[in-house]
Amino acid sequence: MKKLLIFISAAILTAGSFGAKAQGRTDVNLYMGFMNATYTSLDQARGSIHKDLYSIYEPHYTVTSGPSFTLDANRRLLPWLGVGIQGNYSSMKGTKKYNIGNIPKREFSQTMLAFLPQVKFFIPSPRHFRLYAKAAAGINLNIGETIVGMPIDFAWDIVPIGFEWGGQIVYGTAEVSLGNVITGVRIGIGFRF
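Residues numbered from 1 in each chain as written. Predicted model: local features only at pLDDT ≥ 70, side-chain atom pairs only at ≥ 80, totals over all residues. Heavy atoms only, no water.

Asks: Talk me through the overall build of the protein; I want residue IDs and the actual numbers.
Replies: Along its length, the protein carries two helices and nine strands. Reading the secondary structure of the protein in the N-to-C direction produces α-β-α-β-β-β-β-β-β-β-β. Taking all 193 residues of the protein together, 37% fall into the buried category. Long-range pairs, those at least 24 residues apart, make up 62% of the contacts in the protein with a sequence separation of at least 6. (Helix = DSSP H or I, 4+ residues; strand = E, 2+ residues; numbered from the N terminus. Buried < 20%, exposed > 50% of the residue type's maximum accessible area, 1.4 Å probe, protein only. Contact = heavy atoms within 4.5 Å.)

Asks: Please give an account of the side chain of D27 that cites residues and values.
Replies: Structurally, the position occupied by D27 is in strand 1 (residues 26-33). On the basis of relative accessibility, which here comes to 3%, the residue D27 falls in the buried class. There is a polar contact of 2.9 Å between the side chain of D27 and the side chain of N29. For D27, the residues in contact, after removing those within four places along its chain, are D72, A73, N74, K120, F122, Y171, F191 and R192. (Polar contact = N/O pair within 3.5 Å; in protein donor to acceptor, adjacent residues only side chain to side chain.)

Asks: Can you break down the pairing of strand 9 (residues 184-192) residue by residue, with the values?
Replies: Direction of pairing for strand 1 relative to strand 9: antiparallel, over a ladder of seven bridges. Among the inter-strand pairings, N29 is bridged to a residue of strand 9, identified as G190. Judged from the eight bridges that link them, strand 8 (residues 170-179) and strand 9 form a sheet pairing that is antiparallel. When the sheet's bridge partners are listed, G172 is paired in strand 9 with I189. What sits between strand 8 and strand 9 in their antiparallel hairpin is a turn of four residues. (Pairing = 2+ DSSP bridges.)

Asks: Account for the environment of P151, naming residues and giving values.
Replies: Residue position: P151 is located in the loop between strand 6 (129-144) and strand 7 (152-166). Placed 39 residues apart in sequence, P151 and M112 show a C-alpha to C-alpha distance of 9.3 Å.

Asks: Tell me about the confidence of the model for the protein, and please be specific about residues and values.
Replies: Per-residue pLDDT for the protein averages 81, and the proportion of residues at 70 or more is 76%. Put simply, helix 1 (residues 2-16) is where the protein has its lowest mean pLDDT, 50, and strand 3 (residues 68-78) is where it has its highest, 95. (pLDDT = per-residue confidence, 0-100.)

Asks: Before we move on, can you summarise the pattern of salt bridges with the specific residues and values?
Replies: Going through the model one piece at a time under the given rule, you end up with eight salt bridges. With its nearest N and O atoms 3.7 Å apart, the salt bridge here joins K120 to D27. Remark: D27 occurs in strand 1 and K120 occurs in strand 5 (residues 106-123); sequence separation between them is 93 residues. On the accessibility criterion, K120 (0% relative accessible area) is buried. (Salt bridge = Lys/Arg side-chain N within 4 Å of Asp/Glu carboxyl O.)

What follows is the structure, encoded as structure tokens:
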């Protein structure tokens, strides 16, 4: 957790060091997401009906997950293009059990940290309601018992549509996210300087 706080502090300080000449070209956003992608994939597998014999030998999961948090910083290079970095934090816990065999039920917890460079595309919009899209790719660190994937995985995140509303310095933001980091909706607050 200390490393995540250091990373967040460094991202904010770095974003703030671009100087007064670049007023309004840097934005920092803090989001809360509602479903991390690992939880979503396990939850869908739990809900499906298996008809083959092999599935009774596979592990079955009962999983709970809290919100996911994303911090990103972007620097506008052109009126329609920006580059930046995003960091994501999410966790989940649950139980892993087998229907057949003498394997005891196990409790697990997993923390996921993702770091992704990103590009952000600004769509021409009215001043107080701005549209954008994003694409990001990087690494995902799985800490704890790795349920899905490896301890270090490839991470990707695509936002086909996002929007900002409100002021030019402080604003609200929401986006639809697809990928193996967050699947679903993120809402948050942003700061532009």
